Amino acid sequence: MDGGKTMRQRNQIIFHSLAAKHGTLALDLDITRKLGFDGLEGSGAKIRQFLDAGFSEAELRTAIGDTFIPGIGFLLDVERHGDDRRALLKDASDLIELATAAGAKGLEAITGPISLAAYANAAAVPDLYRGVIGLPLQEQIHITAAGLASVADIAAERGLLIYYEALSWTPLNTLDKQLRTLERAGRSNIKLVIDFWHCYTAGETPESIARLDKDLIYGVHICDSLPFDGGIPDEGVLRDVPTGKGVLDLKEWVDAVKATGFQGWWSCELFCRRQHQENSYEIAAGLKTLMEALIGV
């Protein structure tokens, strides 16, 4: 796999495994190749299922061949600390092993908690994981940065990069807080993935993205949203829309990323339930055409 050669290509159009949510790794790879995507942003769960079915790591690498995989998703709750830190590092090690076996270049790490119930009155759900909810901002940043740094150190041993995404309903949701967390973590192999939906529902604008340092951006998730009027964003509801049919001016958001000087990979993350049940090849073809038009490749 000539990963170095592939990485030098500019503005790569990458297929995201969530665009064929209910398919297999084999299906993701076939779509990527037959439709001419530049690579695949892989699913750790699908790779694990492939190996759990009895295939060897050698067979995994044969199946992947020279397909460029910028990263796989994803490591949950990167802010886990205290008694939960050991589980975080175990999960990170396991996913980094999968990424290495697949020949991926990185691993996506996301903040938590995932459950929206965690943001209700703690007394109502006392046993639910709450991460850094309720802590002072500086402590939230310190704890999350420590988790990121520890994960990045494990990844560095395998030559991998961590790409960080703060979910828009979690405490460190804004770009400013994410940048402060990266600075505190102090690891050169941590970068950001820019997700349009998370930015929009966290209150960011294309203008705020355009001010980013391009060297901090690893990749971009092109995605859409239904209207959001404030409060805690419900991903399952707001992202249930075909890309290009929601409220985001996708060209404006893409142009904001391009204004930074970024040239790299763009991925078609998709949460539309109806399209998950349709012909995955047709959905992927439409996403590829849309991304090419938006990016100008």
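Residues numbered from 1 in each chain as written. Predicted model: local features only at pLDDT ≥ 70, side-chain atom pairs only at ≥ 80, totals over all residues. Heavy atoms only, no water.

Caption draft 1: Molecular detail of the pairing of strand β5 (residues 161-165). Burial of β5 is extensive: 5 of the 5 residues sit out of reach of the surface. Alternating positions in β5 separate into two faces, L161, Y163 and E165 on one and I162 and Y164 on the other, with burial throughout. The pairing of strand β4 (residues 106-110) with β5 spans 5 bridges and is parallel. What sits directly across from I110, in β5, is E165. For the handedness criterion, the β-α-β arrangement of β4, helix α6 (residues 137-156) and β5 is classed as right-handed. Relative to strand β6 (residues 190-195), β5 runs parallel, the two sharing 3 bridges. Residue pairing for β6: Y163 is matched across the bridge by K191. (Buried < 20%, exposed > 50% of the residue type's maximum accessible area, 1.4 Å probe, protein only. Helix = DSSP H or I, 4+ residues; strand = E, 2+ residues; numbered from the N terminus. Pairing = 2+ DSSP bridges. Right-handed = clockwise from strand over helix to strand, strands pointing away.)

Caption draft 2: Summary view of a nonpolar patch on the surface. A contiguous nonpolar surface patch, about 250 Å² in accessible area, is contributed by F74, L76 and I114. Among the structural elements, F74 can be located in strand β3 (residues 72-75). (Patch = residues over 30% accessible without salt bridge, like charges linked within 9 Å, V, L, I, M, F, W, Y side chains within 5 Å. Areas by Shrake-Rupley, 256 points an atom, 1.4 Å probe, with all protein chains shown as cover. Salt bridge = Lys/Arg side-chain N within 4 Å of Asp/Glu carboxyl O.)

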